[in-house]
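The lines below spell out each chain.
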Amino acid sequence: MSEWRKTTLGDLVTLQRGHDLPSSQRIPGDVPVMGSGGVAGWHNAAKASGPGVTLGRAANLGVPALIQDDFWPLNTTLYVTDFHGNDVRFVYHLFQTLDLSGYNSGSVQPMLNRNFIKGVEVTVPEPAEQRKISATLAALDEKIGVNDRIAACALQLADAYFELAVDGIPAGPETFDSIAQVGGGGTPSTKNPAFWGGAIAWSTPSDVTALRVPYLFDTSRKITDAGLDECASALYPAGSILMTSRATIGAFAIPQIPTAVNQGFVVVTAPDENLTMWLFHEMRDRVDEMVGLANGSTFLELSRKNFKAMNVRLPAPEVVKAFAEKVAPLHKRASAASAENSTLIALRDTLLPELMSGRLRVKDAEKVVEDAV
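Worth saying up front: this structure is predicted, and the values here are computed from it rather than measured. (Residues numbered from 1 in each chain as written. Predicted model: local features only at pLDDT ≥ 70, side-chain atom pairs only at ≥ 80, totals over all residues. Heavy atoms only, no water.)

### What to know about helix α12 (residues 362-372)
Looking at α12, one finds that the buried residues are V362, A365 and V369. For α12, the angular spread of the buried residues around the axis is 65 degrees, confining them to a single face. In α12, those exposed residues whose orientation departs by more than 90 degrees from the buried face are K363, E370 and D371. Looking at the buried residues of α12, the elements they touch are α4 (127-166) and α11 (317-357). (Buried < 20%, exposed > 50% of the residue type's maximum accessible area, 1.4 Å probe, protein only. Helix = DSSP H or I, 4+ residues; strand = E, 2+ residues; numbered from the N terminus. Arc of directions from axis to C-beta. Contact = heavy atoms within 4.5 Å.)

### Examining the packing of α11 against α12
Remark: α11 packs on α12, axes separated minimally by 11 Å, with the N-to-C direction vectors making an angle of 180 degrees. Between α11 and α12, the angle is such that the two are roughly antiparallel. For the pair α11 and α12, the contacting residues are E340, L344, L347, L351 and L355 in the first and V362, A365, V368, V369 and A372 in the second. Considered class by class, the residues forming the contact of α11 with α12 number nine nonpolar, no polar and one charged. (Axes fitted to C-alpha atoms, helices over the stretch in contact; angles between N-to-C directions. Parallel < 35°, antiparallel > 145°, perpendicular 65-115°, else oblique. Nonpolar A, V, L, I, M, F, W, Y, C, P; charged D, E, K, R; others polar.)

### Digging into the domain arrangement of the chain
Here the domain parsing of the chain yields domain 1 (4-124), domain 2 (126-153 + 318-372) and domain 3 (170-314). Relative placement of domain 2 and domain 3: their C-alpha centres are 28 Å apart. Tallying the contact residues gives 17 residues for domain 2 and twelve residues for domain 3. Summed over both partners, the interface of domain 2 with domain 3 comes to about 1300 Å²; 70% of that surface belongs to carbon and sulfur atoms. (Domains from an automatic or database assignment. Buried area = accessible area lost by both parts, 1.4 Å probe.)

### Re the nonpolar core
Core analysis: the largest hydrophobic core is formed by 40 residues, its most contacted members being F176, M243, V268, L279, M283, M290 and F307. For this core, the secondary structure elements donating two or more residues are α4, α5 (176-179), β14 (241-246), β15 (248-255), β17 (265-269), α8 (273-285), α9 (287-293) and α11. Here this core gets seven residues from one element, more than from any other, and that element is α11. When residues of this core are assigned to domains, at least three map to each of domain 2 (126-153 + 318-372) and domain 3 (170-314). With residues up to four places along the chain from it excluded, the contact list for L279 reads F176, I179, A180, I241, V268, A270 and V312. L9, V124, I133 and L351 belong to the second-largest nonpolar core, a separate cluster that totals 36 residues. (Core = buried A, V, L, I, M, F, W, Y, C linked by side-chain atoms within 4.5 Å.)

Next comes the structure, spelled out in C-alpha cells:
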C-alpha cells in the first residue's frame, strides 16, 4: 500500500454536468447519447471524446458507465472532462466501488451535484499500477463479452430457424391450454419469516428482465417448504417456460433449476422437450399479439385466460421434432455461455473491490484470472 496515495475525487478527475439534447432535436447518427441509465439514444454529433466515463446525476446516482467511442452526455449525467493522467478504465472501476447515492442534493427529485462529491477521499496507485489493474479486470470483461455474443448469436440463429419452420403455418385449433400446462404464481406472506430464506428458488419478473439471455440459474429470493405450501405457485420443473405477464409483458426464461414464481408470470410446461422448444419460440414470436390482448389501468397485464385461449401454430409432430433437434444444441451452447458468465461475473465482482483497494496485488489476481479465462 506504500505506493498508493490519498487524494480526492476533485483532484483525481474533473467532472462536468452533461448537456441538454431533447429527443426531438436528435439527428440519426452513430454517436451514443448517454443518460443516467446508459445509452439513451443516438445522435449525429458528439459533445465528448471517448473513451470516457459518465455518472448518473438525475437517477442511478453515481452509477458509472464506460464509453469507448465519442459520445453525447445528457444533462442527467456528470461526465469526466479531464482524467489528469489517470487510467480511464481504472477511474470507471473506482466509481463502481463508491456509493455516491448519499450525496443527493435535490429537494424534489434525486440529484448528484459534482461539488458535493469533489471532496470524497479515495486512495489510488500511480497510473502504471492503475493500468495493470485495468488490464486484469478487462481480461474478465472481454471473456464475458465474448460469451454474451456467442449466446446472442446462438439464440438469433434459433429464432431464424423458427421463422423458416413456421412460415406458412396458420394458427390451428390447438391452444396453449390444450397442448401444455399453463400455470401462474403467487407470493407467500412477506410478514411471516418462516416462509422466507429457504432453499426453494422463487422467481420475480426482476430476476427475468435482468437476464442477458433467457436462462435462469438462480433467483434473488428463496422460500421455504412452508412458504411453497402457502404460495399460489407450483414448484415448476427445470425446462419450463417462464414469461412475464404484467408491466413488462414477454420477458422469457427457461429455468435451469426447479422454481416457484410470483404472480407476474405465465408458466408453460410442455409434455416433452421437443414441444418446449417449439412453444418457447412460438411465444417469443407473438409478444406483440399478447400485448394487444392485455389490459389494465395502472399497468398492462396479460391474463392467463386470454393467454390460454390463444391458438397455436403447430405443424406435424415430425416437423416439431426436426426443429427441436436443430435448435436444442444452440440453446445448450447459449446456456453454457451464460452459465460461464455467471461464474466470471461473480469472480470479477469479488476481485474488483480487492484490487481497487490495494488489498489484493495484481500478480496474485492475474493468476486467478488466467485460470478462469
